[in-house]
Amino acid sequence: MTKRFASAWLAMPLAALATSAWASEECGNVSIAEMNWASAGVAAQVDKIILEQGYGCSVELVAGDTMPTFTSMNEKGEPDMAPELWVNAVRTPLDAAVGEGRLVIAAEILEDGGVEGWWIPKYIAEAHPEIDSVQAALEHPELFPAPEDPSVGGVYNCPSGWNCQISTANLFAALGAEDKGFELIDTGSAAGLDGSIANAYEREAGWLGYYWAPTAILGKYEMVRLSFGVENDKAEWDACTAIPDCPEPKVNSYPVSDVFTVVTKEFADKAGVAMDYVAKRKWSNDTVGKILAWMDENQGTNEDAAYHFLETMPELWKTWVPEDVAQRVSDAL
């Protein structure tokens, strides 16, 4: 038990302590993967607080990442829960594990999925409502000047070495962006890409390029994702859009990533009412972005951000739990 909660628990009435003891016997020990990216790390800390303080579980956080965590859950039955698993990378083996009764998909934690695309600042979208697609944006290179040569437009690419660098370059070619007066800007790193958005916002300048959500940057700076005018063609994506130097790329849309909370079958069977919480718990990219922006601005930890969320957005998380659980968590904050 943390020092932060010690006084709150000591002050709890005997009836509440008895309820917590009962819940602890039912919920027991829970291991949760704290993945090594911010949104998933915050989700794990939120789960820890609610499960411990609301349901009396004993929670252990373990370091995680997509493939190692999935493999361990599938083969060893541990940890009990991955709060934010981006399942596109493990779709086939996950379907098999669910079908064979080893794992359970508990909830779609990101209700609008993990999204990628080409974005423009909201102030540009509001000033130019005709720019409602990537194709429309490419008709206006003068609105999105390249940093080294403002006489041409710039499309900011995904960081070097990431797969999205390949797909963005292929889409740039498919759209004929160079012929329309644009060049593809290599930002070099995630920090360079973030800095280009921040710099544009400070000057209220034009910006067009790749980004993804949920992220701290999109929580801090309001951006509008543009349509490519077509649905995602998975076959084309796998055969060309995501392949280096594809000779004849076609216009395509980035796939939306399913982002689920996945638990072991053993946890689902033993967790009792705590599983009801896990199954209900979801939030939007906008909500996560705001939390991550606060975390970035305040140099907070995952745990700090979890407390900030619980303290400032009770209207959301209290819909995930019964009133008595919400009261116990509130009393502990």
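So, a few notes on the structure that sits alongside this text. (Residues numbered from 1 in each chain as written. Predicted model: local features only at pLDDT ≥ 70, side-chain atom pairs only at ≥ 80, totals over all residues. Heavy atoms only, no water.)

## A few points about unusual backbone geometry
Next, step 1: Cis geometry is adopted by the peptide bond preceding P79, which originates at E78 and carries an omega value of 0 degrees.
Next, step 2: Here P79 is to be found in the loop between α4 (66-76) and β3 (81-86).
Next, step 3: In the Ramachandran plot, E204 falls in the positive-phi region, its phi being about 50 degrees despite a non-glycine side chain.
Next, step 4: Tracing the backbone shows E204 in the loop between α9 (190-203) and β8 (209-213).
Next, step 5: One non-glycine residue with positive phi stands out, namely D245, at about 55 degrees.
Next, step 6: Mapping D245 onto the fold places it in the loop between α11 (234-241) and β10 (259-264).
Next, step 7: The class of D245 is exposed, set by a relative accessible area of 74%. (Helix = DSSP H or I, 4+ residues; strand = E, 2+ residues; numbered from the N terminus. Buried < 20%, exposed > 50% of the residue type's maximum accessible area, 1.4 Å probe, protein only.)

## What about the state of the cysteines?
Next, step 1: This model, assessed by the stated rule, comprises 2 disulfides.
Next, step 2: What pairs with C158 in a disulfide is C164, and their sulfur atoms sit 1.8 Å apart.
Next, step 3: Since its relative accessible area comes to 8%, C164 is described here as buried. (Disulfide = S-S within 2.5 Å.)

## Structural notes on a negative patch on the surface
Next, step 1: The grouping of E148, D149, E178, D179 and E183 at the surface amounts to a negative patch.
Next, step 2: If you trace the backbone, E178 turns up in the loop between α8 (163-174) and β7 (182-185). (Patch = residues over 30% accessible without salt bridge, like charges linked within 9 Å, V, L, I, M, F, W, Y side chains within 5 Å. Areas by Shrake-Rupley, 256 points an atom, 1.4 Å probe, with all protein chains shown as cover. Salt bridge = Lys/Arg side-chain N within 4 Å of Asp/Glu carboxyl O. Lys, Arg positive; Asp, Glu negative; His and termini not counted. Charge placed at Lys NZ, Arg CZ, Asp CG, Glu CD.)

## Observations regarding the packing of helix α14 (residues 285-297) against helix α15 (residues 302-312)
Next, step 1: The contact between α14 and α15 brings their axes to 9 Å, and the two run at 125 degrees. Comparing their axes, α15 and α14 come out oblique. Our pair here, α14 against α15, has a crossing hand that is right-handed. Judged by residue contacts, T287, I291, W294 and M295 of α14 engage N302, D304, A305, H308 and F309 from α15. (Axes fitted to C-alpha atoms, helices over the stretch in contact; angles between N-to-C directions. Parallel < 35°, antiparallel > 145°, perpendicular 65-115°, else oblique. Left-handed = near helix turned anticlockwise from the far one by under 90°. Contact = heavy atoms within 4.5 Å.)

## Some points on the environment of F172
Next, step 1: Residue position: F172 is located in helix α8.
Next, step 2: Under the relative-accessibility criterion, F172 is labelled buried at 9%.
Next, step 3: In sequence terms F172 and F182 are 10 residues apart; their C-alpha atoms lie 9.1 Å from each other.

## Description of α4
Next, step 1: Along α4, the residues that are buried comprise T66, T69, F70, S72, M73 and N74.
Next, step 2: One or two residues past the end of α4 sits G77, with phi positive at roughly 75 degrees.

## Focus: helix α3 (residues 38-55)
Next, step 1: Helix length check: α3 (18 residues) gives 25 Å between terminal C-alpha atoms against 26 Å at 1.5 Å per residue, within 8%.
Next, step 2: With 17 of 18 residues buried, α3 is to be regarded as a mostly interior element.
Next, step 3: G56 occupies a position one or two residues after α3 and carries a positive phi of about 75 degrees. (Expected span 1.5 Å × (residues − 1).)

## As for the pattern of salt bridges
Next, step 1: The final tally for this structure, using the stated rule, is 11 salt bridges.
Next, step 2: Put simply, R102 and E100 hold a salt bridge, and the shortest N to O gap is 2.4 Å.
Next, step 3: Bridged by salt links that share partners, the residues K122, E126 and E222 form one connected network.

## Quick word on the environment of W237
Next, step 1: The residue W237 is located in helix α11 in this model.
Next, step 2: As a C-alpha pair, W237 and A306 span 69 residues in sequence and 36 Å in three-dimensional space.
Next, step 3: Dropping the residues within four chain positions of it, W237 is found in contact with S167, N232, A242, N252, S253, Y254 and P255.

## Concerning the side chain of N252
Next, step 1: Structurally, the position occupied by N252 is in the loop between α11 and β10.
Next, step 2: Residue N252 is classed as buried on the basis of its relative accessible area of 0%.
Next, step 3: One polar contact links the side chain of N252 to the main-chain amide nitrogen of D233, over a distance of 2.9 Å.
Next, step 4: Within the structure, N252 has its side chain in polar contact with the side chain of T241 (distance 3.3 Å).
Next, step 5: With residues near it in sequence (within four places) discarded, N252 still touches L171, F228, V230, E231, N232, D233, E236, W237 and T241. (Polar contact = N/O pair within 3.5 Å; in protein donor to acceptor, adjacent residues only side chain to side chain.)

## A look at the packing of aromatic side chains
Next, step 1: Overall, the coordinates contain 15 aromatic pairs when judged by the stated rule.
Next, step 2: Ring geometry for Y201 and Y221: centres 5.0 Å apart, planes at 40 degrees, overall tilted. Here the residue Y201 occupies a position in helix α9, and Y221 occupies one in the loop between α10 (216-220) and β9 (223-225), the gap between them amounting to 20 residues.
Next, step 3: Residue class for Y221 comes out buried when judged on its relative accessible area of 12%.
Next, step 4: The structure contains a cluster of three or more aromatic residues connected by ring pairs, namely W118, W162, Y210, Y211, W212, F228, W237 and Y254. (Phe/Tyr/Trp six-rings, centres within 6.5 Å; stacked < 30°, edge-to-face > 60°.)

These figures come from the coordinates and say nothing about function on their own.
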